[in-house]
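Fold and geometry: a report
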Amino acid sequence: MKKIATREAYGEALVELGRENPDVVVLDADLAKSTKTIDFGKHFPHRFFDMGVAEQNMLGTAAGLAAAGKIPFCSTFAVFAPGRAFDQLRNSIAYPRLNVKICASHAGITVGEDGASHQSVEDIALVRAVPHMTIFVPADAVETRKAVQAAAKIKGPVYIRLGRAAVPVLHAEDFLFEPGKALVMRQGNDATIIATGIMVAEALTAAEELAKEGVSVRVLNVHTIKPLDVEEIVRAAKETRAIVTAEEHNIIGGLGSAVAETVCEHCPVPVHRVGIPDVFGESGTPDQLMEKYGLKAEHLIAAVRKVWELKK
Amino acid sequence: MEQEKIAWLQNKAREIRTHIIRMTAAAGSGHPGGSLSAADIVTALYFHLMRLDPQRPSWPDRDRFILSKGHAAPLLYAALAERGFFPVEELLTLRKLGSRLQGHPDMKSLPGVEISTGSLGQGLSAGNGMALAARLDGRDYRVFVLLGDGEIQEGMVWEAAMAAAHYRLDNVTAFLDYNGLQIDGPVTEVMSVEPVAEKWVAFGWDVQVIDGHDMVQIIQAVEVARQVRGRPQMIVARTVKGKGVSFMENQVNWHGAAPRPEEAERALAELAAQAGLAPN
C-alpha cells in the first residue's frame, strides 16, 4: 500500500488552494520545510510569511489578517500551536470566531526521534475544549487534501492535525469528505472501532484480522472530532453494543473521551479507549513507539476482545 | 493647528473622561485609571487623526485602532459612542448581562471594535496582520495600536515588535501609555521596562517620546510618524494614571476599581469644573 505523510499532502493542498483563492495566505514559524508550507512560499512568495520562532505572534498576526478579510493558514508543530500559543488561539482567534486555520504537523508520538518535548499528546484535548473550534484529524493524504479544502470554505477557526510519518493511503480520490460526518470504513455488527487520524489504518488491519476469527468489526473513521458525528457514533453503539476508540493522542480529552461522553449520554455500552496512556513519549522510531505505547492493530484486537467479553 | 480645534479636542477628552467615570460607577467595576491616562491619545485619534466613517464600520479603507490594553474598554467605548458608532445612552450598560459593552472589547458584539482584546500582549500582532493585509490589498489605511506599560512585559509584544520591523510595516503606529503603574505597583518595582525608548529603537522602530496629555504633541507626533518610511513607529507617551481626577491621579488602587457613587460625584464635579479651563 502506498504511504504518504499527511503533512506532505498538506503542502500540496495549500499550493492548490493558493491558486484557487487569492485571499489564502500562509504563515509558518521557522518550520516551513518540516510542515511543508515551503511549497506555498515558493509559489506565492508575497502571500507567505515566515514569522520566525515566534508562534504566539504568528497566531496573533493571523488574527489581524483574518480580521482584514484574508484566510490565513498557520503551521508549526502541534506542541507549539495549539500548545505554546494556546492563549492566542483562544482569545485572538476562537473567541472572535476569526477565519484562521491552524494546521499543526508532527502531532502525536510518531514524531519519533525528537522525543517527548516535540510529541504532542494533548493538542486535541486543548482545542476540543475551546468553543467555536472545528477539528479535523485526517487519516491519510487524500483526506488531508479534502480537509484543507473544506477548512477554507468554513467561515471560522479550524484546527487540522497532521503527522510527520508516512501512512497508508486509504481513500480513492473521489471519496466524499463531509465535515462533521464520520465515515463507515467497514461494516460490522459485533463491535465498532472508532478511530481517527493514522489509527484508522490500524483499525482496518485489526478488523481484517478479527474477521478471520469470525468477529465482525465495524470501523468508523471520525475525521472531524468537533463537531462530533453523534448520530453515527450512537448508531454504532446501538447496533454493535461494544466500542473501542483509537487515537494517537492521550486517552484523556481526545476522541476516546468524546466518544465515551456521547455513548454514556445516549446509549451506554462498554467502551475501551486505546491511545497514549496519559504519559509523555520518548525517542524512538515511529514504529517502535506505536508498539511500545500500545497503538498497533494487535492492541486494538485485544481491546475488541475485551469489550466483546464485557458486552456478553 | 488652530487653537480653537485644540481646545475643542481637549474638551472632547474631558467629556470622554466624564463617560469613563459614569460608566465604571454604574458598572460597579472596571478600569478607570488606565482609561483616564490614555483619554487624550484616543480622543486625538478618533476625533482628529483617523480616517473613519461611523456609518460604515466595515469600510475597507478605514484606519484601524486596536486597544491592546483591553481593560481600558470604557475609554474605547466612550470614544466610539461619542463618535457615533452606537448610542451614547448605551454606555451605561457596560459590564451588564446582555450588553454589547463587554468587560473587555468584543469585536463581534460592538461595531467599531476592530479586534477582541483583553488578554494582554496580543494587539500589536493583530495590528501587524491588518497592516500586512493592507499591503497585500494595496490599501493605504493606517493601523494604530495602544499598548500599556505593564503590558509590554508580555514576551509576545517583542515578537510582534521584531516582526513589524522585519516586514517594514510603516503603516503601523503604536502608542505606549506610559503611566508608570500596574496592578501590583509601580512598573519600575514590579518589572522595569526601562530603558523603554531604547528598546523600541533597538527593535528597529522609529521612536518619539511625548507628553501624552498634550494634544498638540500627540497630533504632531502622529504627523511625524506618517512621514516615516520603511519602519513602524512607536510614540512613547508619558501619562498620569487616573489623569483628570485629582484623587485618582498616580494612585495604583484606581487601576481596577470603580468609583463609589460619592466618589463618582466628586470626580464628575472636578471634570465639570475643567470645562473651558484646559490650557491652550
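Scroll up a little and you will see the structure.
Residues numbered from 1 in each chain as written. Chains lettered and ligands numbered in written order. Predicted model: local features only at pLDDT ≥ 70, side-chain atom pairs only at ≥ 80, totals over all residues. Heavy atoms only, no water.

**Considering the overall build of chain B**
Secondary structure summary: chain B contains 10 helices and seven strands in total. Along the first, second and third principal axes, the C-alpha atoms of chain B reach 50 × 45 × 40 Å. Residues classed as buried in chain B amount to 58% of the 280 residues present. Once local pairs closer than 6 in sequence are excluded, the contacts in chain B between residues at least 24 apart make up 76%. For chain B, the accessible surface area stands at approximately 10,700 Å², while carbon and sulfur atoms represent 50% of it. Charge centroids of chain B, computed over 28 positive and 33 negative side chains, lie 4 Å from each other. (Helix = DSSP H or I, 4+ residues; strand = E, 2+ residues; numbered from the N terminus. Buried < 20%, exposed > 50% of the residue type's maximum accessible area, 1.4 Å probe, protein only. Contact = heavy atoms within 4.5 Å. Areas by Shrake-Rupley, 256 points an atom, 1.4 Å probe, with all protein chains shown as cover. Lys, Arg positive; Asp, Glu negative; His and termini not counted. Charge placed at Lys NZ, Arg CZ, Asp CG, Glu CD.)

**A short note on the overall build of chain A**
Along the backbone of chain A there are 13 helices and 14 strands. Relative to its 312 residues, chain A shows a buried fraction of 64%. In chain A, the share of contacts with a sequence separation of at least 24, taken over all contacts with a separation of at least 6, comes to 78%. Only carbon and sulfur atoms are counted for the fraction: they give 52% of the accessible area of chain A, which is about 11,300 Å².

**Some thoughts on the packing of helix α4 (residues 55-67) of chain A against helix α5 (residues 123-137) of chain B**
Where α4(A) meets α5(B), the closest approach of the two axes is 6 Å, and the angle between their N-to-C directions is 50°. Classified by the interaxial angle, the pair formed by α4(A) and α5(B) is oblique. Here the hand of the crossing between α4(A) and α5(B) comes out right-handed. Where α4(A) abuts α5(B), its residues N57(A), G60(A), T61(A), G64(A), L65(A) and A67(A) lie against S125(B), A126(B), N128(B), G129(B), M130(B), L132(B) and A133(B). Classifying every residue of the contact of α4(A) with α5(B) gives six nonpolar, seven polar and no charged. (Axes fitted to C-alpha atoms, helices over the stretch in contact; angles between N-to-C directions. Parallel < 35°, antiparallel > 145°, perpendicular 65-115°, else oblique. Left-handed = near helix turned anticlockwise from the far one by under 90°. Nonpolar A, V, L, I, M, F, W, Y, C, P; charged D, E, K, R; others polar.)

**Thoughts on the pairing of strand β14 (residues 271-276) of chain A**
Residue and element names in this part refer to chain A. Direction of pairing for strand β13 (residues 243-250) relative to β14: parallel, over a ladder of five bridges. Note on β14: the bridge partner recorded for T245 is R273. In this view, the connection linking β13 to its parallel neighbour β14 by way of helix α11 (residues 255-266) has right-handed handedness. (Pairing = 2+ DSSP bridges. Right-handed = clockwise from strand over helix to strand, strands pointing away.)

**Concerning the sheet that holds strand β9 (residues 183-186) of chain A**
All names here are of chain A. The strand order across the open sheet formed by five strands is β9-β11-β10-β13-β14, and the pairing between neighbours is mixed. The open sheet is flanked by β9 and β14, the only strands paired with a single partner. Each neighbouring strand pair of the sheet contributes to a mean axis angle of 25°, computed without reference to strand direction. Here α11 sits on the sheet in contact with β10 (191-195), β13 and β14, set at roughly 145° to β13.

**Description of the sheet that holds strand β4 (residues 71-77) of chain A**
Pairing between sheet strands relies on hydrogen bonds along the backbone, with the strands arranged either parallel or antiparallel. Residue and element names in this part refer to chain A. Spatial ordering of the open sheet is given by β3-β2-β4-β5-β7-β6-β12, a layout of seven strands whose pairing is mixed. The two strands at the open ends of the sheet, each matched to only one other strand, are β3 (48-50) and β12 (224-226). When strand polarity is set aside, the average angle formed by the axes of neighbouring strands in this sheet is 20°. Where strand β2 (residues 24-28) meets β3, three bridges bridge the pair, whose relative direction is parallel. Following the sheet pairing, V26 is matched in β3 by F48. Its contacts with the sheet place helix α1 (residues 6-20) against β2, β4 and β5 (101-105), and it is angled at close to 160° to β4.

**Digging into the environment of A172(A)**
Along the chain, A172(A) falls in the loop between β8 (166-168) and β9. Expressed as a C-alpha distance, the spacing of A172(A) and V26(A), which sit 146 residues apart in the sequence, is 28 Å.

**A short note on the interface of chain B and chain A**
Across the contact, 24 residues belong to chain B and 26 residues belong to chain A. Summed over both sides, the interface of chain B with chain A buries roughly 2,000 Å², with 60% coming from carbon and sulfur. For chain B, the biggest contributors to the area lost against chain A are Q122(B), L136(B) and E159(B); these three give 27% of the whole. The tally of links from chain B across to chain A stands at one salt bridge. A salt bridge links D137(B) to K70(A); the shortest N-O distance between them is 2.5 Å. One can count nine residue pairs in polar contact (both at pLDDT 80 or more) joining chain B with chain A. Of all the secondary-structure elements, those providing two or more residues to the side of chain B that touches chain A are α5 and α6 (155-166) of chain B. The element contributing the most residues to the side of chain B that touches chain A is α5(B), with nine residues. For the side of chain B that touches chain A, the class distribution of residues is 12 nonpolar, seven polar and five charged. (Buried area = accessible area lost by both parts, 1.4 Å probe. Salt bridge = Lys/Arg side-chain N within 4 Å of Asp/Glu carboxyl O. Polar contact = N/O pair within 3.5 Å; in protein donor to acceptor, adjacent residues only side chain to side chain.)

**Overview of the packing of aromatic side chains**
To describe a pair of aromatic rings, one takes the distance between the centres and the angle between the planes. In the structure shown here, the tally under the stated rule is 10 aromatic pairs over all chains. Where F136(A) meets F177(A), the ring centres are 5.3 Å apart and the plane angle is 80°; that geometry is what we call edge-to-face. Taken together, the residues span a long stretch of sequence, with F136(A) in strand β6 (residues 134-136) and F177(A) in the loop between β8 and β9 at a distance of 41 residues. Here the two residues F136(A) and F177(A) agree in accessibility, since each one is buried. Members of the aromatic cluster, joined through ring pairs, are W158(B), W200(B), F203(B) and W205(B). (Phe/Tyr/Trp six-rings, centres within 6.5 Å; stacked < 30°, edge-to-face > 60°.)

**A word on the packing of α5(B) against α6(B)**
Packed helix pairs are specified by the crossing angle of their axes together with the interaxial distance, meaning the distance between the axes. Residue and element names in this part refer to chain B. Across the interface, α5 lies against α6 with an axial gap of 8 Å and an inter-helix angle of 25°. With respect to α6, the axis of α5 lies roughly parallel. As α5 runs across α6, the sense of the crossing is left-handed. Between α5 and α6, the residues in contact are L124, S125 and N128 and M156, V157, A160, A161, A163 and A164, respectively. Counted by class, the contact of α5 with α6 contains seven nonpolar, two polar and no charged residues.

**Observations regarding the pattern of salt bridges**
Throughout the structure, instances matching the rule amount to 32 salt bridges over all chains. A salt bridge links R226(B) to E223(B); the nearest nitrogen and oxygen atoms lie 3.6 Å apart. Of this pair, R226(B) and E223(B) are both found in helix α9 (residues 215-227), three residues apart, which corresponds to roughly one turn of the helix. Overall, the relative accessible area of 23% leaves R226(B) in the partly exposed class. What makes E223(B) partly exposed here is its relative accessible area of 34%. Through salt bridges with shared partners, one network takes in E12(A), R145(A) and E173(A).

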